[in-house]
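# Coordinate inspection notes
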Amino acid sequence: MATVKLTTQQFKDDVFDYTTEKEWKYKGEKPAIIDFYADWCGPCKMVAPVLEELSNEHPEVTIYKVDTEVEQELAAVFQIRSIPSMLFIPMTKQPMMQAGALPKHTLKEVIEKELVASV
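All of the points below concern the structure found in this document. (Residues numbered from 1 in each chain as written. Predicted model: local features only at pLDDT ≥ 70, side-chain atom pairs only at ≥ 80, totals over all residues. Heavy atoms only, no water.)

Considering all chains together, one arrives at one disulfide under this definition. Bridging C41 to C44, the disulfide has an S-S length of 2.4 Å. In this structure the cystine formed by C41 and C44 twists about its S-S bond by roughly 80°; its chirality is therefore right-handed. The burial state of C41 is the same as that of C44; both residues are buried. (Disulfide = S-S within 2.5 Å. Buried < 20%, exposed > 50% of the residue type's maximum accessible area, 1.4 Å probe, protein only.)

Most of strand β4 (residues 85-89) sits inside the fold, with five of its five residues counted as buried. Alternating positions in β4 separate into two faces, S85, L87 and I89 on one and M86 and F88 on the other, with burial throughout. Relative to β4, strand β2 (residues 32-37) is paired through five bridges, and the arrangement is antiparallel. For I34, the partnering residue across the bridge sits in β4 and is L87. Both β4 and strand β5 (residues 96-99) contribute to a ladder of four bridges, which runs antiparallel. Each bridged residue has a counterpart across the sheet, and for M86 the counterpart in β5 is Q98. Here β4 folds back onto β5, and the loop between the two strands holds six residues. (Helix = DSSP H or I, 4+ residues; strand = E, 2+ residues; numbered from the N terminus. Pairing = 2+ DSSP bridges.)

Under the definition given, this model contains seven salt bridges. Note that E57 and K104 form a salt bridge whose closest N and O atoms lie 2.7 Å from each other. Here E57, found in helix α2 (residues 42-57), pairs with K104, found in helix α4 (residues 104-116); they are 47 residues apart in sequence, far enough to count as distant. Between K93 and E114 there is a salt bridge, with the nearest N and O atoms lying 3.1 Å from each other. Remark: E114 occurs in helix α4 and K93 occurs in the loop between β4 and β5; sequence separation between them is 21 residues. By relative accessible area, K93 is classed as partly exposed at 40%. It is possible to trace a salt-bridge network through shared partners that takes in E53, E57, K104 and K108. (Salt bridge = Lys/Arg side-chain N within 4 Å of Asp/Glu carboxyl O.)

This part is about the nonpolar core. L6, F11, V15, I34, F36 and I89 are the most contacted members of the largest nonpolar core, which totals 17 residues. Those elements that place two or more of their residues in this core are β2, β3 (62-67), α3 (72-77) and β4. With three residues, the top contributor of residues to this core is β2. Beyond its immediate sequence surroundings of up to four residues, I89 is in contact with V15, W24, Y26, P31, A32, I34, P95 and L115. Of all hydrophobic cores here, the second largest spans 14 residues; its members include V61, I63, M86 and L115. (Core = buried A, V, L, I, M, F, W, Y, C linked by side-chain atoms within 4.5 Å. Contact = heavy atoms within 4.5 Å.)

Looking now at the packing of aromatic side chains. Under the counting rule described, the total for this entry stands at five aromatic pairs. Seen from their ring centres, F11 and Y18 are 6.1 Å apart, and the 45° between their planes marks the pair as tilted. On the basis of relative accessibility, which here comes to 0%, the residue F11 falls in the buried class. On the basis of relative accessibility, which here comes to 16%, the residue Y18 falls in the buried class. (Phe/Tyr/Trp six-rings, centres within 6.5 Å; stacked < 30°, edge-to-face > 60°.)

The structure is reproduced here in structure tokens:
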């Protein structure tokens, strides 16, 4: 499964509606990663193919991409100050934010230990 471009409205519909909910309540049916990126960002471009590979290797996890230049409201809600930044969303626990371009083995480890293991 390829990575999925995510708009602010889709985020509210499919992930979490921060305009109506106070407590985090994930709406998704499987764990997710949200990659906050920009087209001009060098490290973002390096991570993009890794995320595509991981989306194929781990179809049990949805990998979303949010263009911070386009979806400024969503970037502001998550206080994105540096990119890439990734939000890891397990099914039952609180989401975890990590800034920086993580190597594939680290991303794979987070998927297996924090996301898939929590299903």
